[in-house]
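# Reading the structure
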Amino acid sequence: MTNDRLSSLAQCAYRIRRFALRMGEVQGQGYIGQALGYADVLAVAYGHALNFRADDPAWDGRDRFLLSHGHYAIAFYAALIEAKIISEEELETYGSDDSRLPMSGMASYTPGMEISGGSLGQGLPIAVGMALALRHKNNPAFVYNSMSDGELDEGSTWEGAMAAAHHGLGNLICIVDINNQQADGPSSKVLGFEPLADKWASFGWHVQRVDGNHMPAVLRAFDTARQLTEAKPRVILCDTLMGKGVPFLETREKNHFIRVDPPEWQQALQVLDASHN
């Protein structure tokens, strides 16, 4: 792990946050807290870990990245822009009629979007099926399932976790964003999920828990997950801060879905730029 690599990924995360804020300004609202908090994870995914071809998003050898939490679409589009899979100019169409960037992720609209997420708890069972199919085809690609801590409330998540371990899916990596926020309040109060690492381990998974906003830790976790030789699925539990990088958004009491006053978008960009320089 070199300083140059970490610096490059930090730049990538900064641009992902900036693209997300610009899209949020188009609609004046959205899941911007998640986008800012998850940017470091997406930067490592698309700036380091994943095999893909920007000019051929359907390339059969690609690693599949499933956005189970479809409401994170604004964050994912920012990552796709950074990865050159979609153009920066398209962000101005975010959430508009006939846009390829709807406010919730839709596979039929957006290049690089593997599934239509949003019905929480669907991603991991789909990922299990994809990982099994790739193994049967002798395709060495990895399947990444990205999900929210709110999806830990869903029985389908744990059915998928049990099936993945049963089938020894060493080509499956699950990433859980633990920001302790969901629509009905703090995730840990809606339905307590700790001790989370122990739960995943008891289901037969290789578990890592990291600070999802600490780039070296995220980078090491992704590399470890790919390099593990055991025939077992891997999960990376990422503790993140909603609104990361914009202090006045970090401290909002309810930031699952944020309505931001028009002047605040430019203020957020200025704060982000100032902290980056």
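A few points on the structure. Numbering of residues begins from 1 in every chain and follows the order in which that chain's sequence is written. In view of the model being predicted, local features appear only for residues whose pLDDT reaches at least 70, and side-chain atom pairs are presented and counted only at 80 or more, with totals across whole chains, interfaces and linings using the full set of residues. Hydrogens are left out, water is left out, and the side-chain values use all remaining heavy atoms of the structure.

### A short note on the sheet that holds strand E4 (residues 172–178)
As a reminder of what qualifies: DSSP calls a pair of strands paired once it identifies at least 2 bridges connecting them. To qualify as a helix, a DSSP run of H or I must reach at least 4 residues; to qualify as a strand, a run of E must reach at least 2; elements of each kind are numbered from the N terminus. Only the contacting stretch of a helix is used when fitting its axis, a line to C-alpha atoms as for every element, and angles between N-to-C directions run 0 to 180 degrees.
Across the sheet, five strands lie side by side as E2-E3-E4-E6-E5; this open sheet has parallel pairing. The open sheet has two edge strands, strand E2 (64–67) and strand E5 (206–211), and neither has a second partner. Within this sheet the neighbouring strands show an average axis-to-axis angle of 20°, counted without direction. Pairing of E4 with strand E6 (residues 234–239), which is carried by six bridges, proceeds in the parallel orientation. The partner of Ile-178 across the bridge, within E6, is Asp-239.

### Quick word on empty space enclosed by the protein
Basically, it comes down to this: Cavity and pocket criteria rest on a 1 Å grid covering protein atoms alone: a 1.4 Å probe that fits but cannot get out defines a cavity, protein on both sides within 12 Å along at least 5 of 7 lines defines an open pocket, and an atom within 4 Å of a point defines a lining residue. Grid points are joined across faces, edges and corners, and a volume is the space filled by probe spheres set on the points. Throughout this entry, Asp, Glu, Lys and Arg are counted as charged residues, while Ala, Val, Leu, Ile, Met, Phe, Trp, Tyr, Cys and Pro are counted as nonpolar. The remaining residues, Gly among them, count as polar.
Using the criterion set out here, one finds one cavity of 30 Å³ or more in the structure. Considering only enclosed or pocket space, the largest cavity measures out at about 90 Å³ in volume. Looking at side-chain class alone, the lining of the largest cavity contains seven nonpolar, one polar and four charged residues.

### Re the pattern of salt bridges
Note the threshold: Salt bridge, as used here, is a side-chain nitrogen of Lys or Arg placed within 4 Å of a carboxyl oxygen of Asp or Glu. In this scheme, a residue with accessible area under 20% of its type's maximum is buried, one over 50% is exposed, and one in between is partly exposed, where area comes from a 1.4 Å probe on protein chains only.
Evaluated as defined, the whole model comprises twelve salt bridges. Taking the shortest distance from any N to any O, the salt bridge between Asp-273 and Arg-18 comes out at 2.9 Å. Here Asp-273, found in helix H10 (residues 262–276), pairs with Arg-18, found in helix H1 (residues 3–27); they are 255 residues apart in sequence, far enough to count as distant. Relative accessible area serves as the criterion here: at 18%, Asp-273 is assigned to the buried category. Of the residues examined, Arg-18 reaches a relative accessible area of 25% and is grouped as partly exposed. Across the pair Arg-22 and Glu-92 runs a salt bridge, and its minimum N-O distance is 3.8 Å. Remark: Glu-92 occurs in the loop between helix H3 (73–82) and helix H4 (123–136) and Arg-22 occurs in helix H1; sequence separation between them is 70 residues. Since its relative accessible area comes to 22%, Arg-22 is described here as partly exposed. Connected through salt bridges with shared partners, the residues Arg-22, Glu-88 and Glu-92 form a single ionic network.

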